[in-house]
Amino acid sequence: MGEGDEVSSAPMTPRPAGTSPRPPISCPPSQFHSPSLSRSPLLSFADHPENAITNANKTPNKTPNKTPNRSRFSTPRFITPLGSPIRKALHMTKLDPQDAWLPITESRNGNAYYAAFHTLCSGIGVQALILPVAFTILGWSWGVICLTLAFIWQLYTLYLLVQLHESPETGIRYSRYMQISSATFGEKVTNWLVAFPIMYLSGGTCVALIVIGGSTMKSFFGTVCGPHCTVHPPTTVEWYLIFTCAAVLLSQLPNLNSIAGVSLVGAITALGYCTMIWVVSVDEGRIPNVSYNPVRASTQIARTFDLLNALGIIAFAFRGHNLVLEIQATMPSSEKHPSRVPMWRGVKFAYFLVAMCLFPLAIFGYWVYGDKIPPNGGMLVAVIQFHGKTISQAILGLISLFVIINAVSSFQIYGMQMFDDMESKITTRMKKPCPWWLRAILRAMFGYGCFFVAVAIPFLGSFAGLIGGIALPVTLAYPCFMWLKIKKPKVYSPVWCLNWGLGVLGMCLSGILIVAGLYVVIDTGIQVSFFKPH
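Worth saying up front: this structure is predicted, and the values here are computed from it rather than measured.

Undergrad: Outline the overall build of the protein chain, listing residues and values.
TA: From N to C terminus, the protein chain includes 17 helices and four strands. The buried share of the protein chain, reckoned over its 534 residues, is 50%. Long-range pairs, those at least 24 residues apart, make up 84% of the contacts in the protein chain with a sequence separation of at least 6.

Undergrad: Give a detailed account of the packing of aromatic side chains, specifying residues and quantitative values.
TA: Centre-to-centre distance and the angle between the planes together describe a pair of aromatic rings. In this structure the tally under the stated criterion is 19 aromatic pairs. Aromatic side chains Phe135 and Trp140 sit 6.5 Å apart centroid to centroid with 90 degrees between the ring planes, which places their arrangement in the edge-to-face category. A relative accessible area of 31% places Trp140 in the partly exposed class. Centre to centre, the rings of Phe305 and Tyr519 are 4.0 Å apart; their planes meet at 10 degrees, and the pair counts as stacked. Linking Phe305 in helix 9 (residues 300-316) with Tyr519 in helix 17 (residues 494-524), this pair joins segments that are 214 residues apart in sequence.

Undergrad: For the environment of Trp153, give the residues involved together with the corresponding values.
TA: In this structure, Trp153 sits in helix 3 (residues 131-164). Judged by relative accessible area, Trp153 falls into the buried class, the value being 14%. A C-alpha to C-alpha distance of 7.1 Å links Trp153 and Leu476, two positions 323 residues apart in sequence. Among residues more than four places away in sequence, those in contact with Trp153 are Leu476, Leu502, Leu505 and Gly506. Reaching out from Trp153, the side chain makes a polar contact with the backbone oxygen of Leu476 at a distance of 3.2 Å.

Undergrad: With reference to specific residues and values, describe helix 4 (residues 177-185).
TA: Among all positions of helix 4, only Tyr177, Gln179, Ile180, Ser181, Ser182 and Thr184 are buried. Directly after helix 4, the chain includes Gly186, whose backbone phi takes a positive value near 95 degrees.

Undergrad: Let's hear about the side chain of Gln412: which residues, and what values?
TA: Tracing the sequence through the fold places Gln412 in helix 13 (residues 393-430). Residue Gln412 is classed as buried on the basis of its relative accessible area, which comes to 2%. A polar side-chain atom of Gln412 sits 3.1 Å from the main-chain carbonyl oxygen of Ala247. There is a polar contact of 3.2 Å between the side chain of Gln412 and the backbone oxygen of Val408.

Undergrad: Describe unusual backbone geometry, and please don't skip the residues or the numbers.
TA: For Lys431, which is not glycine, the phi torsion reads 60 degrees and is therefore positive. Relative to the helices and strands, Lys431 is located in the loop between helix 13 and helix 14 (436-456). Its relative accessible area of 62% is what places Lys431 among the exposed residues. Although it is not a glycine, Tyr492 sits at a positive phi angle of roughly 70 degrees. Position of Tyr492 among the secondary structure elements: in the loop between helix 16 (478-487) and helix 17. Residue class for Tyr492 comes out exposed when judged on its relative accessible area of 67%.

Undergrad: Which residues make up the packing of helix 13 against helix 14, and what values go with them?
TA: Viewed as axis vectors pointing N to C, helix 13 and helix 14 meet at an angle of 130 degrees, and their least axial separation amounts to 10 Å. The angle between helix 13 and helix 14 falls in the class oblique. The hand of the helix 13/helix 14 crossing is right-handed. Across from Phe411, Gly415, Met416, Met418, Phe419, Met422, Glu423, Ile426 and Met430 in helix 13, the residues of helix 14 making contact are Leu438, Arg439, Leu442, Arg443, Phe446 and Gly447. Partitioned by chemical class, the residues of the contact of helix 13 with helix 14 number ten nonpolar, two polar and three charged.

Undergrad: For a nonpolar patch on the surface, give the residues involved together with the corresponding values.
TA: Residues Trp436, Trp437, Ile441 and Met445 make up a contiguous nonpolar surface patch of about 540 Å² in total accessible area. Tracing the backbone shows Trp436 in helix 14. Accessibility expressed as a relative area gives 71% for Trp436, which makes it exposed.

Undergrad: Break down the pattern of salt bridges for me, citing the residues and quoting the values.
TA: Throughout the structure, instances matching the rule amount to seven salt bridges. In this structure, the salt-bridge partner of Arg439 is Glu106, at a minimum N-O distance of 3.7 Å. With Arg439 in helix 14 and Glu106 in the loop between strand 2 (91-92) and helix 2 (112-123), the pair connects residues that are 333 residues apart, well separated along the chain. Connected through salt bridges with shared partners, the residues Glu106, Glu423, Arg439 and Arg443 form a single ionic network.

Undergrad: Tell me about the packing of helix 7 (residues 236-250) against helix 14, and name the residues and values.
TA: Where helix 7 contacts helix 14, the axes come no closer than 10 Å and their chain directions differ by 160 degrees. Judged by the inter-axis angle, helix 7 sits roughly antiparallel to helix 14. Crossing handedness for the pair helix 7 and helix 14: right-handed. Of the residues in helix 14, those touching helix 7 at Val237, Tyr240, Leu241, Thr244, Cys245 and Val248 are Ala444, Gly447, Tyr448, Phe451, Ala454 and Val455. A per-class count over the contact of helix 7 with helix 14 returns ten nonpolar, two polar and no charged.

Undergrad: Help me get a handle on the environment of Ile391, residues and values and all.
TA: Relative to the helices and strands, Ile391 is located in the loop between helix 12 (378-387) and helix 13. Using a relative accessible area of 6% as the deciding quantity, one classes Ile391 as buried. The sequence separation of Ile391 and Glu284 amounts to 107 residues, and the corresponding C-alpha distance is 8.5 Å. Among residues more than four places away in sequence, those in contact with Ile391 are Val280, Glu284, Val383 and Leu396.

Undergrad: Report on helix 9, specifying residues and quantitative values.
TA: The terminal C-alpha atoms of helix 9, which comprises 17 residues, lie 24 Å apart, in line with the 24 Å expected from a rise of 1.5 Å per residue. Buried within helix 9 are the following residues: Ala302, Phe305, Leu308, Ala310, Gly312, Ile313, Ile314 and Ala315.

Undergrad: Provide a residue-level description of the confidence of the model for the protein chain, including the pertinent values.
TA: With 80% of its residues at a pLDDT of at least 70, the protein chain reaches an overall mean of 82. Ranking the elements of the protein chain by mean pLDDT puts strand 2 last with 32 and helix 7 first with 96. Within the model, the stretch residues 1-96 combines pLDDT values under 50 with 160 contacts to residues more than four positions away or in other chains.

Undergrad: Tell me about the environment of Tyr519, and please be specific about residues and values.
TA: Overall, the relative accessible area of 24% leaves Tyr519 in the partly exposed class. Sequence separation of Tyr519 and Phe305 is 214 residues, and the distance between their C-alpha atoms is 7.9 Å. Sequence-distant contacts of Tyr519, that is, excluding residues within four places in its chain, are made with Ile301, Ala302 and Phe305.

The rules behind the values
Residues numbered from 1 in each chain as written. Predicted model: local features only at pLDDT ≥ 70, side-chain atom pairs only at ≥ 80, totals over all residues. Heavy atoms only, no water. Helix = DSSP H or I, 4+ residues; strand = E, 2+ residues; numbered from the N terminus. Buried < 20%, exposed > 50% of the residue type's maximum accessible area, 1.4 Å probe, protein only. Contact = heavy atoms within 4.5 Å. Phe/Tyr/Trp six-rings, centres within 6.5 Å; stacked < 30°, edge-to-face > 60°. Polar contact = N/O pair within 3.5 Å; in protein donor to acceptor, adjacent residues only side chain to side chain. Axes fitted to C-alpha atoms, helices over the stretch in contact; angles between N-to-C directions. Parallel < 35°, antiparallel > 145°, perpendicular 65-115°, else oblique. Left-handed = near helix turned anticlockwise from the far one by under 90°. Nonpolar A, V, L, I, M, F, W, Y, C, P; charged D, E, K, R; others polar. Patch = residues over 30% accessible without salt bridge, like charges linked within 9 Å, V, L, I, M, F, W, Y side chains within 5 Å. Areas by Shrake-Rupley, 256 points an atom, 1.4 Å probe, with all protein chains shown as cover. Salt bridge = Lys/Arg side-chain N within 4 Å of Asp/Glu carboxyl O. Expected span 1.5 Å × (residues − 1). pLDDT = per-residue confidence, 0-100.

Below, the structure is given as structure tokens:
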């Protein structure tokens with residue numbers, strides 16, 4: 001199990017011949033969660049072997065009805081042992097305090113509410129506003145069918161990840177997506193197939209949020225200031241910088257549990273602007289001369305790639321699977337109260353609200369705008385373009401403000417995965433937690449690094465379809481293969497066939513979308529303009 005093999009039993013103490021054996025020593029009930037929520041390292045039996053021998057030779061207290069103290073275990077680098085397989089023999093775990101030093105596992109007092117906040121904040125984004133564009137190609141029937149199937153599919157893979165987070169069979173708790181990938185596919189395959197998509201889904205999303213947040217700030221300023229404003233507005237780059245400063249300032253919150261309130265605000269604002277956009281559109285009514293006939297290109301190959309683009313839009317509307325294990329890692333867990341129970345409760349509530357946002361956006365958006373929905377920007381651009389003069393400027397300003405707040409909030413939860421990775425490398429070398437000033441510098445460097453990429457490579461969005469196809473298996477395919485490898489269901493059983501089918505289908509869809517992304521890049525071309533954001 002990789003580094004999980006560091007769990008070993010205590011050394012046996014030699015006994016003279018003829019000595020009666022001592023009564024067996026049972027391992028106290030273990031807990032799934034990390035031993036310490038503090039930033040200070042803990043003493044381990046591995047550091048003081050004489051304590052391990054002394055404690056192993058002590059006769060158990062025979063006083064009746066006295067419950068032994070619950071011992072806590074840490075993880076050998078991101079792995080937390082479970083109790084049931086270890087109770088059969090006395091095992092002393094090397095106490096690695098690194099889990100108590102890293103942002104994701106530093107605090108283990110999460111709950112179902114925190115899980116719902118984080119899942120909702122990471123699961124809804126502006127990519128949902130483009131869903132009606134897919135309907136212009138698929139039409140009513142196939143649009144609704146594909147959206148429903150995609151929602152069920154990604155919810156099922158999310159369920160698999162929640163169940164795989166802690167494994168009583170192997171005694172391991174997987175607290176990060178990269179960790180469970182390494183345990184399942186091996187280090188080499190993980191570095192090739194999983195590391196880049198995870199980096200893109202975290203760092204790339206933060207770059208996209210800077211572009212979205214900065215551009216929306218510019219639009220918000222124009223809406224509030226009005227057409228006759230005499231104030232000289234900041235440039236696009238300056239708006240990006242303003243947004244980045246706000247995101248970096250908020251990123252100084254220490255760990256994932258500490259941003260639960262930020263995720264709550266982000267979730268509320270996401271629900272707010274999604275609901276306001278489709279309600280305002282329905283209230284204004286259908287625009288004139290709208291058509292619901294699927295858009296057909298002139299050539300067969302163009303129609304094929306348009307269809308693939310529509311499927312990609314629906315698939316990319318669902319995000320956040322790369323953060324599910326990290327969110328669940330913030331919860332306490334024990335044999336009697338495993339973390340998967342409150343986590344799944346929070347996920348179900350969050351995705352009920354996600355469905356209440358995505359389906360009305362797609363269906364009502366297509367009903368109002370039909371084939372006239374703008375392909376770039378989707379519903380947000382459509383509301384401003386078709387109803388900008390009839391809708392109250394206060395409503396338009398509020399929608400823009402909600403988008404900005406949601407972007408700043410989402411930056412925190414997607415950036416936390418990168419913060420954790422950077423700090424893990426530092427703490428591995430230093431053998432102690434990052435001081436506050438180093439943590440602040442690392443997070444500022446990451447934030448302004450994303451700002452530099454957003455400004456220096458403004459055409460990066462042209463590769464979104466291509467890179468999105470590469471990252472798609474993280475959501476739709478890899479969890480199925482992980483379940484097969486870890487749970488080992490009976491061959492040809494319904495669960496075995498289902499996971500193999502979905503896994504292979506997800507990989508095929510990923511390959512097709514990669515080809516479609518390459519075709520779009522080659523066919524439409526890319527206007528390379530460094531340091532010239534629009």
